[in-house]
Amino acid sequence: MKSTFVRNDDLSLDMPLDSDVFRVPPGYNAPQQVHITQGDYEANSVIVFWVTPDEPGSRTMIYWAENSELKNRVDGLVVKYKYFNYTSGYIHHCTIKDLEFDTKYYYQVGTGKASRRFWFITPPKSGPDVPYTFGLIGDLGQTHDSNQTLTHYEFNPIKGQTILFVGDLSYADDYPFHDNVRWDTWGRFIERNAVYQPWIWTAGNHELDFAPQFANAVVG
Ligand SMILES: [Fe+2]
């Protein structure tokens, strides 16, 4: 399909740190940067990620099928990392397996007042004539134009069900010491979509964090 969209000649600037799209969800230790990806090749598994800023908090996620009373609990893993002068929050990931195809599931992360609830719809079982719509995004970054790009996708009448993200995510590496705070803002920025549909990732050149000049470089 062809778009009439022509990109602007001026380079768009990154949105400032206090932009509404980067807002931290309210409540102590509230899960943020919540997003999902496909968990296996059959597409009946989903991995949920979230970050708790203050302490690890609960590793447990609750999920249930829309048409079911049965609430399932599953425990995930928590990691944190340092990158030069940056220390991450507590990064949770949790895999849900053996989901029904073509079914709406609700899921809830965090506890008490700071808990947050979302949903996703699993794809139909794959086959030769099964329709399914992928969105394709790359080089998103976090400029004012990035916000427009994501909005274009969200408002496209042909509703994408899963995003294939073809690399170059946050562009945090444009900052001194690859300022990983810009990974957190990016995670909060894309949450509005990636929390409801899987984003399937590949890494681009901007994801190569090997930087020997920082002395303690890691590949992130
Ligand atoms: Fe790129």
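Computed from a predicted structure; not experimentally measured.

1. A look at the side chain of Gln 33
Logical step 1: Inspection of the secondary structure puts Gln 33 in strand S1 (residues 32–38).
Logical step 2: The class for Gln 33 is buried, based on a relative accessible area of 7%.
Logical step 3: There is a polar contact of 2.9 Å between the side chain of Gln 33 and the side chain of Gln 32.
Logical step 4: Discounting chain neighbours no more than four positions away, the residues touching Gln 33 are Phe 49, Trp 50, Val 51, Trp 183, Asp 184, Gly 187, Arg 188 and Glu 191.

2. Some thoughts on the coordination of the iron ion
Logical step 1: At the metal site, the iron ion is ligated by Asp 139 (OD) and Asp 168 (OD), and these contacts range over 2.0 to 2.1 Å. You can see Asp 139 sitting in the loop between strand S11 (134–137) and helix H1 (144–155) and its partner Asp 168 sitting in the loop between strand S12 (162–165) and helix H2 (181–194), a full 29 residues away along the chain.
Logical step 2: We classify Asp 139 as partly exposed; its relative accessible area is 48%.

3. Digging into H1
Logical step 1: Taking 1.5 Å of rise per residue, 12 residues should cover 16 Å, and H1 covers 17 Å from first to last C-alpha, within 8% of that figure.
Logical step 2: Within H1 the residues assigned to the buried category are Ser 146, Leu 150 and Tyr 153. Each buried residue of H1 sits inside an arc of 55° when the element is viewed along its axis, so together they form one side.
Logical step 3: The inward-facing, buried residues of H1 contact S11, S12, H2 and strand S13 (199–201).
Logical step 4: Structurally, the start of H1 carries an N-cap: the backbone nitrogen of Asp 145 is 3.1 Å from a side-chain oxygen of Thr 143.

4. Thoughts on the pairing of strand S8 (residues 90–96)
Logical step 1: In S8, alternate side chains face the same way, and those of Tyr 90, His 92, Cys 94 and Ile 96 are buried while those of Ile 91, His 93 and Thr 95 on the opposite face are not.
Logical step 2: In this sheet, S8 lies alongside strand S2 (residues 46–52) in antiparallel orientation, the contact comprising 7 bridges. Paired with Trp 50 across the two strands is His 92, which belongs to S8.
Logical step 3: Where strand S5 (residues 77–79) meets S8, 3 bridges bridge the pair, whose relative direction is antiparallel.

5. A short note on the packing of H1 against H2
Logical step 1: Taken N-terminus to C-terminus, the directions of H1 and H2 make an angle of 5°; their axes are 11 Å apart at the nearest point. Relative to H2, the element H1 is oriented roughly parallel. For the pair H1 and H2, contact is made by Ser 146, Asn 147, Leu 150, Thr 151, Tyr 153 and Glu 154 and by Phe 189, Ile 190, Arg 192 and Asn 193, respectively.
Logical step 2: Each residue belonging to the contact of H1 with H2 can be placed in one class, and the counts come to 4 nonpolar, 4 polar and 2 charged.

6. As for the pattern of salt bridges
A pair can form between side chains of opposite charge whenever their charged atoms are brought close.
Logical step 1: As enumerated under the stated definition, the model contains 2 salt bridges in all.
Logical step 2: For Arg 116, the salt bridge goes to Glu 191, with nearest N and O atoms at 2.8 Å. Of the two residues, Arg 116 is situated in strand S10 (residues 116–121) and Glu 191 in helix H2; the sequence distance between them amounts to 75 residues.
Logical step 3: For Arg 116, a relative accessible area of 18% translates into the label buried.
Logical step 4: For Glu 191, a relative accessible area of 11% translates into the label buried.
Logical step 5: Glu 154 serves as the salt-bridge partner of Arg 192, at 3.1 Å between the closest nitrogen and oxygen. Placement of the pair is Arg 192 in helix H2 and Glu 154 in helix H1, with a sequence separation of 38 residues.

About the thresholds
- Residues numbered from 1 in each chain as written.
- Predicted model: local features only at pLDDT ≥ 70, side-chain atom pairs only at ≥ 80, totals over all residues.
- Heavy atoms only, no water.
- Helix = DSSP H or I, 4+ residues; strand = E, 2+ residues; numbered from the N terminus.
- Buried < 20%, exposed > 50% of the residue type's maximum accessible area, 1.4 Å probe, protein only.
- Polar contact = N/O pair within 3.5 Å; in protein donor to acceptor, adjacent residues only side chain to side chain.
- Contact = heavy atoms within 4.5 Å.
- Donors = N, O, S within 2.8 Å, 3.2 Å for Na, K, Ca; no water.
- Expected span 1.5 Å × (residues − 1).
- Arc of directions from axis to C-beta.
- Pairing = 2+ DSSP bridges.
- Axes fitted to C-alpha atoms, helices over the stretch in contact; angles between N-to-C directions.
- Parallel < 35°, antiparallel > 145°, perpendicular 65-115°, else oblique.
- Nonpolar A, V, L, I, M, F, W, Y, C, P; charged D, E, K, R; others polar.
- Salt bridge = Lys/Arg side-chain N within 4 Å of Asp/Glu carboxyl O.

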